[in-house]
Amino acid sequence: GLFTVGKAQQVELFFSRRIGLTPDGQIDPIEGGARVSGGLWGTNVGLMYMQTEGLPGVTPANRFGVARVNKELPNRSSIGAIFVNREASGSFAEPADENTTYGIDGRWGIGEYGLISGFAAGTSTPGLNGDEYAWNVKGTWDSPRWSHAAEYREVGENFNPEVGFLTRRGGYRYVRTSSLRRVRFDDDRYGLLELRPHYSYTGYWDHDDFQQTGFLHIDNHTEWRNGYEVHTGVNFTTEGLKKPYEIYDGVVIPPGTYRNTEGQVYGTTDPGAWISFSLMTKFGGFYSGDRVYFQPNLRMRLGEHFIAELHYVQNNVDLPEGDFTTRLGRLRLSYSFTPRIALEALLQYNDVDDFFSTNLRFSWLRKANTGLYVVFNDINGYDRYTGEQPSRSLIVKYTHMFDLL
């Protein structure tokens with residue numbers, strides 16, 4: 001967590017899984033490295049160095065360096081900085097094959113409920129000049145009755161954190177606002193506990209002011225004292241395409257701006273019970289046609305040791321360009337022998353790529369999530385989204401934390 005800077009799953013200045021993988025998902029063996037983190041003079045400090053071997057004809061060996069400092073301040077405030085560098089090395093390295101990312105981040109607590117947070121970052125890549133920046137600012141107000149948020153982000157066209165993570169490349173502007181009201185019932189009227197009417201809006205534009213995405217969500221959550229909930233909402237969506245988009249094999253959506261409306265209903269039984277069930281459905285316009293989205297989830301807990309979750313997602317899409325159905329299934333199992341010793345399994349299948357993966361993990365934790373991990377991975381098929389390819393691996397990892405200074 002100390003090395004986390006940016007917006008999770010959107011703009012991350014450092015993403016450790018970049019180390020040891022080529023851009024197309026092949027394994028690049030790691031020769032070795034070191035990481036040191038902890039507190040020094042009242043400041044959180046983290047240093048990391050890693051060296052990969054490289055793959056002849058695919059990628060050269062690379063040196064990775066990361067430095068991070070963060071100072072916690074009163075009232076939920078903080079300030080920090082990060083520096084990330086990748087440099088090719090060895091006989092297969094091309095001249096000036098390197099990349100640098102640097103940034104600052106912070107947050108400022110205002111009173112009891114207010115918070116302003118943000119970051120500013122830049123990258124340096126030979127051959128790219130100008131617009132190598134990204135910044136984000138967000139303000140929130142979260143009281144027992146009201147929650148408000150407003151956020152703005154810009155990402156330059158050449159912003160290139162090669163040891164980071166970007167969901168959208170090529171630069172964009174991002175706006176998000178939201179507001180939620182909590183209405184709590186003190187008496188036992190109809191068994192109701194709380195109503196949460198709210199809205200949120202998210203929009204993406206490129207630097208030519210072309211809107212790529214718009215999503216207006218208006219909803220209300222109704223929660224009963226027995227733990228049951230029902231969410232009823234409506235979504236107004238905008239998707240802009242500047243070039244044809246192959247959404248499914250042989251199904252190509254032409255360029256244009258597509259505006260649609262869809263309904264949304266979600267319901268769940270008490271998640272604290274030994275067995276619970278939830279269902280999310282969406283139905284309405286989708287690009288040039290319609291979609292029905294169906295997502296049931298079953299969760300079972302036996303005592304304090306065993307938890308099982310069965311998750312399924314299905315999309316039925318009807319477009320003038322072609323109809324298709326996608327399915328994704330996931331089974332998660334967890335057995336805790338003690339609060340620190342656990343055996344977990346994750347099995348996942350999607351029918352689009354005929355992709356099946358198995359992940360088994362045994363963990364014996366000590367303090368601060370250090371300890372012993374034994375992990376087995378088995379992958380059949382190719383996942384076009386993550387780049388994962390058929391493979392089988394057994395990984396044993398042990399970490400021990402000690403005071404250096």
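What comes next concerns the included structure. It should be emphasised that the depicted structure is a prediction, and the values quoted were computed from it without experimental measurement. (Residues numbered from 1 in each chain as written. Predicted model: local features only at pLDDT ≥ 70, side-chain atom pairs only at ≥ 80, totals over all residues. Heavy atoms only, no water.)

This next bit is on the sheet that holds strand S11 (residues 165-166). Spatial ordering of the open sheet is given by S1-S2-S11, a layout of three strands whose pairing is antiparallel. The open sheet is flanked by strand S1 (6-7) and S11, the only strands paired with a single partner. Inspection of the sheet shows strand S2 (residues 11-12) paired to S11 by two bridges, in the antiparallel sense. Paired with Glu-12 across the two strands is Phe-165, which belongs to S11. (Pairing = 2+ DSSP bridges. Helix = DSSP H or I, 4+ residues; strand = E, 2+ residues; numbered from the N terminus.)

Applying the stated criterion across every chain yields a total of 11 aromatic pairs. For the pair Phe-15 and Phe-165, a centre-to-centre distance of 5.4 Å together with 40 degrees between the ring planes defines the contact as tilted. Placement of Phe-15 in the loop between S2 and strand S3 (30-40) and of Phe-165 in strand S11 is noted, with a sequence separation of 150 residues between them. Owing to a relative accessible area of 23%, Phe-165 belongs among the partly exposed residues under this scheme. Ring centres of Trp-135 and Tyr-152 lie 5.4 Å apart, and the angle between their planes is 50 degrees; this geometry places the pair in the tilted category. Of the two residues, Trp-135 sits in strand S9 (residues 133-142) while Tyr-152 sits in strand S10 (residues 146-155), which places them 17 residues apart along the sequence. By relative accessible area, which is 33% here, Trp-135 ends up partly exposed. Using a relative accessible area of 24% as the deciding quantity, one classes Tyr-152 as partly exposed. Among the aromatic side chains, those forming a connected cluster through ring pairs are Tyr-245, Tyr-258, Phe-286 and Tyr-287. (Phe/Tyr/Trp six-rings, centres within 6.5 Å; stacked < 30°, edge-to-face > 60°. Buried < 20%, exposed > 50% of the residue type's maximum accessible area, 1.4 Å probe, protein only.)

To continue, consider the environment of Glu-239. Structurally, Glu-239 can be placed in strand S16 (residues 229-241). Spatially, the C-alpha atoms of Glu-239 and Asn-260 are 8.7 Å apart, while their sequence positions differ by 21 residues. At a separation of 3.4 Å, a polar atom in the side chain of Glu-239 contacts the side chain of Thr-213. (Polar contact = N/O pair within 3.5 Å; in protein donor to acceptor, adjacent residues only side chain to side chain.)

Let us look at the environment of Ile-27. Here Ile-27 shows up in the loop between S2 and S3. In this structure the C-alpha to C-alpha distance between Ile-27 and Leu-365, which are 338 residues apart in sequence, comes to 27 Å. In contact with Ile-27, other than residues within four places in its own chain, are Gly-20, Leu-21 and Leu-55. (Contact = heavy atoms within 4.5 Å.)

What follows concerns the pairing of strand S7 (residues 98-110). With 10 bridges joining them, strand S6 (residues 77-89) and S7 adopt antiparallel strand pairing. What sits directly across from Ala-81, in S7, is Ile-104. The pairing of S7 with strand S8 (residues 114-124) spans 11 bridges and is antiparallel. Looking at S8, one finds that Arg-107 is bridged to Ser-117. Between S7 and S8, which pair antiparallel and follow one another directly, the connecting turn spans three residues, one of which, Gly-111, has a positive phi of 65 degrees.

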